[in-house]
Amino acid sequence: MTEPSGETAPEAPEDVAPTEDVREDVRQGAAEPEEPGTAEEPAPAEEPASAEEPASAEESTSGEESATGEESPRAGEPTPAQEPAASEESDGPAAGDAAPEPESEGPDAAQASPEPAGTEPGADGGAVAETSDTPELSDAQAELAAQRELRARIEARKAEKEGPLASGAKLSGTAADLLAAVRAVEGGAASGSAFYEAPAPAPRRTTPEAAPAMTVRPPVPAQAPAPAPGTTAAVREVLAKGGAPEALAGQVAAALGEGAAQALLDDPWQLLAVSGVRPEQADGFARALLGAACGPDDPRRTVALTVWLLERAALQGHTALEIDAVRAGLARHSVPDAGSAVEEAVSAGAVLVFQEEEPAEGDHEEDGEDEGHEEAPGAAEAAAEPASPVLLGLDRYALAEESLADGLARLVKTATADTWEGSELERAAGAHGLVLHTGGEASRAEPVALAAAARAHGIRTLVAVHADGGRRALGPAGTDAVTVAALLSGAAGPGRDEEGAFALDLLVVLDAPQLDVETAAMLVESLPDGCRLVLSGDPAVLGAPGAGQVFGDLLAARVCPRIASRVPDPGPLGELVSGIGAGELNQVEAPGKEIVIVPVRDAGEAVHRTVQLVADSVPRAIGVPAEQTQVVTVGHGGSAGTRALNTALKQRLNPGPGRFGGYDPGDRVAYAPAPGRTVTGTVVSADTEGLRLRCGDEELLVPKERVESALRHGWALTAHQAAGLRWPAVVVVLPGDAAGGLSRPWVYTAFGRAERHLSVVHGVDQALPRAVAEGTAPERTTRLRPLLEALLAVPEE
């Protein structure tokens, strides 16, 4: 995820403060810190409301990172009014680690949200921070290729629809019909499906009878080309005219395309398409260009704000928002008539309307009257129940959820039931096309054993994990495993056949809770008919860094077998983490010093004791060297956040001048090559091309233009960044000002990263047991569950 403060945020939707959940932000209309509304005035850094390494996915269509003049809202960081004074940001939920992983995790750490990366306050105090003219290009070509492929499909679908009306035009004909449909949905006279018609599913592929003689692996695509110099120059002139930093020209040109300059002149609020730009900054830019011709009710402004609210919610993990929440958010930004603004956005085709289908009770009532039956007890109460809420969403996530639901239904219906001998999981995989497997760290051995048994019987099988560290943790079995990102990009795995499908009969995905809806959709779309899919993971950990909650929605939908592992995590650490999952913080006997509690009085002492533990106590008493000990804290900001801890740890473990963009050879780093991914490694060297890292057994090059935005020191991480990884020793830091950022999923995830030893630098008193007992993560608003239930409805047991 990316981060807007000029400091790299290798997390995206993972860093988001649960205390500032976007839904609550827009639903309650809570006042947020005032910021200058013009591009000429400096704006105090505002911290967003989303879940951490919500990341997320950011929506930059070319993979570039955007910057604003103020420290733009960091996904997962609470606002100053919500967060303890000593903490700048908290580690949280949404949507996501998307673009690089979300930077801060929300208190509940239930969602991950991407943050705009590489932004710093402008030197001149302007509303938008200056960056390089050339947009930052992701070196993670794999993720870029996958994202471009998905967006191409989205554009193709959109091209089939009738072109939208110009914003602010008088409505008639089709547009008037659209408005009528919206009002009908809101009034309960019609369902959302009457308004939005899902595209017809793609024709089904036939199940291959045997592995093809040759599979075609798509070449790794080149990086997306930079905008034409003429386009960038024209945008620079418009930005200068509106008082915005000209350094944003490359970002704007990449986001808005060839006609970016004219688009800004016609609609200055299109500046909100650049990640990290705030509505107040766009308002100032618009006033400078349009003068008295614009106002708070300008249709161009209201449409752009509606889209911005939904994009911000996606950073926290939501794929849609209730219509009332969107209206409240618009009102909070001084839109006079929020209801009309929503209708305008829907009519313009900028957002879509959804509502779950409700049973036609009128038909049943008529039948009852005809037969002379009296009204059944409770019928009046049932009739009085409110209808399902009307939701608004972006077509990007609507397409992904519908495509994922269709793809999963296809796998379920095309799999041929077979009788496999072995464990309960193996038998379920043989009989069904989709199987869910839940359990802790020790239970990962079960799906790995399933894959080995299937492979021994000649079944084309592959195991995929979230992060490369998760692959190494499998030991010898991890040799044949790949990361999901490498599989989708074609950098690893079996390759694809002539129709673009993987040459697989069984795919086992570990760390399934880390799948966001877009990644899951691309993965399922790539599986051939008849292929079996096993999703395995621990539902108690923090959610995906991007939009959606695929694993949770599948578990809740109850449309396929769910196999719960009975293998407990061993030792005192396993006992402690299992209790946390059940809502209890138990006293655990640790004769081998597997668990150590270090009480502290303030954040300064927390930093001091953390450095002492990593550099001296753990290596001496436990035998785990500093390079194998990971620090996990609640957020990036604050007196004991990742920034402060990394600074102190570098001074002790690898002091140096930071001659390579703030880094020295030997520095531990966390790199965000793409949304939702954090790669940990060590700096090896630097040259004219960029910074070279050693990540496990591989070497990575971070282009010099991305060092500032996508890289940060990695001795200390947030829990969302650490999800899917484990280390021999972990030091979890809980300073007093982090109490508001704690939740049961956060504690469960952080404590569960340790294999042999866990030290807890404890300064939150009773806030820790209270968070374990009561601190559930904020729910995400998604549509996948009802879509799955409609396609794969099964009779109640």
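For the structure itself, look to the data block above.
Presented here is an overview of the structure given in this document. On a predicted model such as this, the values are computed, not experimentally measured, just so you know. Counting restarts for each chain: residues are numbered from 1 in the order of the written sequence. This being a predicted model, a pLDDT of at least 70 is required before a residue's local features are given, and a value of 80 or more before pairs of side-chain atoms are given or counted; all residues contribute to the totals for chains, interfaces and linings. Based on all heavy atoms of the structure, the side-chain values leave hydrogens and waters out of the count.

Here the focus is helix H5 (residues 249-256). Residue burial is assigned from relative accessible area. The probe radius is 1.4 Å, only protein chains are included, and a residue is buried under 20% of its type maximum, exposed over 50%, and partly exposed in between. Counting from the N terminus, the helices are the DSSP runs of H or I reaching at least four residues and the strands are the DSSP runs of E reaching at least two. Counting buried positions along H5 gives six out of eight residues, so the element sits mostly inside the fold. Positive phi appears at Gly257, one or two residues downstream of H5, with a value of about 90°.

Our next topic: the packing of aromatic side chains. Working definition: a ring pair exists when centres of Phe, Tyr or Trp rings (six-membered ring for Trp) sit within 6.5 Å. Plane angles under 30 degrees give stacked, over 60 give edge-to-face, the rest tilted. Evaluated as defined, the whole model comprises zero aromatic pairs. Seen from the ring of Phe660, Arg659 lies directly overhead, with NZ or CZ sitting 5.1 Å from the centre. The criterion is that NZ of a Lys, or CZ of an Arg, lies within 6 Å of the ring centre and within 35 degrees of the ring normal, and then a charge sits over that ring. Here the basic side chain of Arg783 rests over the ring of Phe354, its NZ or CZ set 3.7 Å away from the ring centre.

The subject of this paragraph is the sheet that holds strand E8 (residues 482-483). In spatial order, the strands read E8-E7-E9-E10-E6-E11; together these six strands make up an open sheet with parallel pairing. Where the open sheet ends on each side, the last strands, each with one partner, are E8 and strand E11 (562-564). By definition, two strands form a pair when at least two bridges between them are found by DSSP. Pairing analysis gives two bridges linking strand E7 (residues 461-465) to E8, with the strands arranged parallel. Each bridged residue has a counterpart across the sheet, and for Val465 the counterpart in E8 is Thr483.

Turning our attention to the nonpolar core. Of all hydrophobic cores here, the largest spans 87 residues; its most connected members are Leu239, Leu507, Leu533 and Leu535. Sorting elements by how many residues they give to this core places helix H8 (residues 299-314) first, with nine residues. Contacts are assigned to residue pairs that have any heavy atoms within 4.5 Å of one another. Non-local contacts of Leu507, meaning those with residues more than four positions away in its chain, are made with Leu462, Ala464, Leu487, Leu523, Leu527, Cys531, Arg532, Leu533 and Val534. Buried Ala, Val, Leu, Ile, Met, Phe, Trp, Tyr and Cys residues that are joined via side-chain atoms within 4.5 Å together make up what is termed a nonpolar core. Counting 35 residues, the second-largest nonpolar core is a separate cluster that includes Val632, Leu725, Tyr748 and Val764.

Turning next to the pattern of salt bridges. If charged atoms from side chains of opposite charge come close, those side chains can pair. Salt bridges are defined as contacts in which a side-chain nitrogen from Lys or Arg sits within 4 Å of a carboxyl oxygen from Asp or Glu. For the structure on display, the rule yields 22 salt bridges. Here Arg692 makes a salt bridge to Glu689, at a shortest N to O gap of 2.7 Å. Under the relative-accessibility criterion, Arg692 is labelled partly exposed at 23%. Each member of the salt-bridge network shares a partner with another, and the members are Lys650, Arg659, Asp664 and Asp667.

Once that is clear, we can look at helix H18 (residues 517-525). For an α-helix the count is 3.6 residues per turn, leaving residues at separations of three or four pointing the same way. With seven of nine residues buried, H18 lies mostly within the body of the structure. Within the span of H18, buried status applies to Val517, Glu518, Ala520, Ala521, Met522, Leu523 and Val524. Under this definition, polar contacts are N or O atom pairs within 3.5 Å; protein pairs additionally need one hydrogen-donor-capable and one acceptor-capable atom, and for neighbouring residues in sequence, both atoms have to be side-chain atoms. Sitting at the amino-terminal end of H18 is Asp516, which places a side-chain oxygen 3.1 Å from the backbone nitrogen of Glu518.

Here the focus is the environment of Leu487. Position of Leu487 among the secondary structure elements: in helix H17 (residues 484-489). As for Leu487 and Leu523, which are separated by 36 residues in sequence, their C-alpha atoms are 8.6 Å apart. Apart from the residues within four sequence positions on either side, Leu487 is in contact with Leu462, Val482, Ala492, Gly493, Pro494, Arg496, Phe502, Leu507 and Leu523.

Glancing now at the packing of helix H4 (residues 229-241) against H5. Axis angles are defined between N-to-C directions and span 0 to 180 degrees, where every axis is a line fitted to C-alpha atoms and, for a helix, only to the segment in contact. Packing of H4 against H5 brings their axes to within 8 Å, and their N-to-C directions diverge by 115°. In terms of orientation, H4 lies roughly perpendicular with respect to H5. As H4 runs across H5, the sense of the crossing is right-handed. For the pair H4 and H5, the contacting residues are Thr231, Thr232, Val235, Arg236 and Leu239 in the first and Ala249, Gly250, Val252 and Ala253 in the second. Under the grouping applied here, Gly and all other residues not named as nonpolar or charged are polar, the nonpolar ones being Ala, Val, Leu, Ile, Met, Phe, Trp, Tyr, Cys and Pro and the charged ones Asp, Glu, Lys and Arg. For the contact of H4 with H5, the per-class residue count stands at five nonpolar, three polar and one charged. Every angle not falling under 35 degrees, over 145, or within 65 to 115 is termed oblique; those three ranges are roughly parallel, roughly antiparallel and roughly perpendicular. Note: crossing handedness is left-handed where the near helix turns anticlockwise from the far helix by less than a right angle, and right-handed where it turns clockwise.

What follows covers the environment of Gln549. Secondary-structure assignment places Gln549 in the loop between strand E10 (532-537) and helix H19 (550-557). In sequence terms Gln549 and Val517 are 32 residues apart; their C-alpha atoms lie 6.9 Å from each other. Beyond its immediate stretch of four places on either side in the chain, Gln549 contacts Arg780 and Thr782.

Turning our attention to the sheet that holds strand E19 (residues 716-718). As a general point, the strands of a sheet are linked pairwise by backbone hydrogen bonds and lie either parallel or antiparallel. Strand order in the open sheet formed by five strands is E12-E21-E20-E13-E19, and the pairing between neighbours is parallel. Whereas interior strands pair on both sides, the edge strands pair on one side only; in this sheet they are strand E12 (595-599) and E19. Strand-to-strand, the axes of this sheet are offset by a mean angle of 25°, without reference to chain direction. Of the strands in this sheet, E12, strand E13 (629-633), strand E20 (727-734) and strand E21 (754-762) are in contact with helix H21 (residues 603-622), which crosses E21 at around 150°.

For the pair helix H9 (residues 323-332) and helix H10 (residues 338-347), the least separation of the axes is 9 Å and the interaxial angle reads 115°. Considering the angle they form, H9 stands roughly perpendicular to H10. Along this stretch, H9 crosses H10, giving a crossing that reads as right-handed. Residues Ile323, Val326, Arg327, Leu330 and Ala331 of H9 pack against Ala338, Gly339, Ala341 and Val342 of H10. Taken together, the residues of the contact of H9 with H10 break down into seven nonpolar, one polar and one charged.

This paragraph deals with the side chain of Thr438. In this fold, Thr438 is placed in strand E6 (residues 434-438). When its relative accessible area of 16% is taken as the criterion, Thr438 is described as buried. Ignoring any residue separated from it by four or fewer positions in sequence, one finds Thr438 in contact with Gly537, Pro539, Phe551, Leu555, Ile563, Ala564 and Ser565.

Of all the nine residues making up E21, seven are buried; the element is thus mostly covered by neighbouring parts of the structure. Two elements, E12 and E21, share five bridges in a ladder whose sense is parallel. Opposite Pro599, over in E21, you have His762 as the bridge partner. Sheet topology note: the E20/E21 ladder contains seven bridges and is parallel.

A separate point is unusual backbone geometry. Even without glycine at this site, Ser334 takes up a positive phi of about 65°. Inspection of the secondary structure puts Ser334 in the loop between H9 and H10. A relative accessible area of 49% places Ser334 in the partly exposed class. The residue Asp765 is not glycine, and still its phi comes out positive at about 50°. In this fold, Asp765 is placed in the loop between E21 and helix H26 (767-774). Taking the relative accessible area as the measure of exposure, Asp765 reaches 61% and is therefore exposed.

The side chains of a regular strand alternate, first on one face of the sheet and then on the other. Of the two faces of strand E14 (residues 668-671), both are covered, the one formed by Arg668 and Ala670 as well as the one formed by Val669 and Tyr671. Examined bridge by bridge, E14 and strand E15 (residues 679-686) share four bridges and lie antiparallel to one another. Each bridged residue has a counterpart across the sheet, and for Val669 the counterpart in E15 is Gly681. The pairing of E14 with strand E18 (residues 711-713) spans three bridges and is classified as antiparallel. Its bridge partner lying in E18, Ala670 is registered against Arg712.

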